[in-house]
Amino acid sequence: MRLPEKIWRLGRILLEYRLRRERLRSRPFRLWIETSSCCNLRCIMCPNREMPAAAKGIMDFDLFRKIIDEAAGFASDIYLHHRGEPLTNPALCDMIRYARKAGLRTRFHSNGGLLTPERIEQLLDAQPDMISFSVDGFTAETYARIRQGGDFETTVTGIEQLARRRRERHLTKPYLIIEKIRFNDPALNIENETTTATRRRLQEAGVDEIIEKQEYVWAGEDAPECRKMPTLNACTFPWYAMVVCWDGTVTPCPQDFHAALKMGNAREKSLSEIWNDAPYRDLRRRFRTDVQSLTICRKCDRLFRPTVAGVPLQYMATFLTDHLVGYRRWRKKLGSHERN
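First, a word on scope: everything that follows refers to the structure included in this document. Everything quoted here is computed from the prediction, not taken from an experiment.

A word on the nonpolar core. Leu 31, Ile 33, Ile 67, Phe 133, Met 242, Leu 271 and Phe 287 are the most contacted members of the largest nonpolar core, which totals 82 residues. When sequence neighbours within four positions are dropped, the list of residues in contact with Ile 33 reads Met 59, Phe 64, Ile 67, Ile 68, Ile 78, Tyr 79, Leu 80, His 81 and Val 244. By size, the runner-up hydrophobic cluster in this structure holds five residues, among which are Tyr 175, Ile 177, Ile 211 and Tyr 327.

Our focus in this paragraph is the environment of Asp 247. Here Asp 247 is to be found in the loop between strand 9 (241-244) and strand 10 (249-251). For the pair Asp 247 and Glu 34, spaced 213 residues apart in the sequence, the C-alpha separation amounts to 8.7 Å. Setting aside anything within four residues of it in sequence, one finds Asp 247 in contact with Leu 63, Asn 265 and Arg 267.

In contact at an axis separation of 10 Å, helix 1 (residues 3-18) and helix 11 (residues 316-324) are set at 145° when each is read in the N-to-C sense. Between helix 1, through Leu 3, Lys 6, Ile 7 and Leu 10, and helix 11, the contact on the second element is made entirely by Phe 319, His 323 and Leu 324. Partitioning the contact of helix 1 with helix 11 into residue classes produces five nonpolar, one polar and one charged.

The side-chain alternation of strand 8 (residues 209-214) yields one buried face, formed by Glu 209, Ile 211 and Lys 213, and one unburied face, formed by Ile 210, Glu 212 and Gln 214. Alignment of strand 7 (residues 175-182) against strand 8, held across six bridges, turns out to be parallel. Bridge assignment links Lys 180 to a residue of strand 8, and that residue is Glu 212. Following the backbone out of strand 7, through helix 7 (residues 193-205) and into the adjacent parallel strand 8, one traces a crossover that is right-handed.

Okay, the side chain of Thr 142 next. Of note, Thr 142 is situated in helix 5 (residues 140-146). For Thr 142, a relative accessible area of 5% translates into the label buried. Among the polar contacts made by the side chain of Thr 142, one reaches the side chain of Thr 139 at a distance of 2.8 Å. With near-sequence residues (within four places) excluded, Thr 142 lies in contact with Gly 137 and Ile 190.

What follows deals with the state of the cysteines. The full count for this structure, using the stated rule, is zero disulfides. Summary of cysteine pairing: Cys 43 is not part of a disulfide, and the nearest cysteine sulfur, belonging to Cys 39, is at 5.9 Å. Classification of Cys 43 as buried rests on a relative accessible area of 7%. Free cysteine Cys 300: the closest other cysteine sulfur is in Cys 253, separated by 6.1 Å. Given a relative accessible area of 8%, Cys 300 falls into the buried group.

In spatial order, the strands read 8-7-5-4-3-1-9-10-11; together these nine strands make up an open sheet with mixed pairing. Strand pairing shows two members of the sheet lacking a second neighbour, strand 8 and strand 11 (264-265), which therefore form its edges.

This paragraph deals with the pairing of strand 4 (residues 105-110). Counting buried positions over the six residues of strand 4 gives six, a clear majority of the element. Here strand 4 shows a buried face lined by Arg 105, Arg 107 and His 109 and a second buried face lined by Thr 106, Phe 108 and Ser 110. As defined by bridge partners, strand 3 (residues 77-79) adjoins strand 4 across three bridges and the pair is classed as parallel. Across the sheet, residue Tyr 79 finds its bridge partner in strand 4, namely Arg 107. Crossover handedness for the path strand 3 to helix 3 (residues 92-101) to strand 4: right-handed. Pairing analysis gives four bridges linking strand 4 to strand 5 (residues 130-134), with the strands arranged parallel.

Reading the values: rules and limits
Residues numbered from 1 in each chain as written. Predicted model: local features only at pLDDT ≥ 70, side-chain atom pairs only at ≥ 80, totals over all residues. Heavy atoms only, no water. Core = buried A, V, L, I, M, F, W, Y, C linked by side-chain atoms within 4.5 Å. Buried < 20%, exposed > 50% of the residue type's maximum accessible area, 1.4 Å probe, protein only. Contact = heavy atoms within 4.5 Å. Helix = DSSP H or I, 4+ residues; strand = E, 2+ residues; numbered from the N terminus. Axes fitted to C-alpha atoms, helices over the stretch in contact; angles between N-to-C directions. Nonpolar A, V, L, I, M, F, W, Y, C, P; charged D, E, K, R; others polar. Pairing = 2+ DSSP bridges. Right-handed = clockwise from strand over helix to strand, strands pointing away. Polar contact = N/O pair within 3.5 Å; in protein donor to acceptor, adjacent residues only side chain to side chain. Disulfide = S-S within 2.5 Å.

And the structure:
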């Protein structure tokens, strides 16, 4: 998708969002495609560890192909992750290649624990546009407390090797970001000579950015009530994004970890049909008239954050950077900060 078309489409999405339209002429600009809801770790802050076995699985390539064939006509980029670790799907690199061939930019988030020399070469061959890695706790001790089941040295070494091999092969993709969570528990936010050495080690290997993100409380019926701001805003997700879980279940938001808000199933209907079907229209209507009836959404802190021209401010700069600048030299200068 060329830049002028992106700008025009983003403008139309903004207009429909500001007018709170229920039936949209636009289509989702960004998709989360859950290539796997399985994970190799049991991180202390992640609800994945609580998911029942029946909710975990790997997306088959036929469903992925259907989604990409449909999304190629309207989407700009896709996230190849949601609730699990994408590298648990053996077809991930084939999926990246298929999506790129369809003209879609690809990116995914990983814990990095499953990187091997063979998988590194496969990823560099497939060339996703961006990969972000969670390396919480820049010491072996804090990492072991946070990312249970993982090994600090294995993870950091794998990321180092990926960055170095990208440089040795004279490639510009994937853009590499390291994420470190700022936990609510101060005991997990250690900063000392060891953490400084880890940062330097990753930077010298060639990663593009190291960013920090505040720990997030996932939306859900059992989440605490949030009243950070005096006003309640309409979420932007139902007007520009779509999440497709590994089994085809469509939800409107990546914060809906347990897929409580079901909009349809991509196996049964096209993405365009689901986008303007009754569940999506009802969700948009309730954001305009009765947000309090949305037992999950009304507790999400995103609805209480500052806005600019009616659009939530957080993530706005990085969202525009993603689509208008991309993942090249200028991206590194501008920085990613918090993203979604």
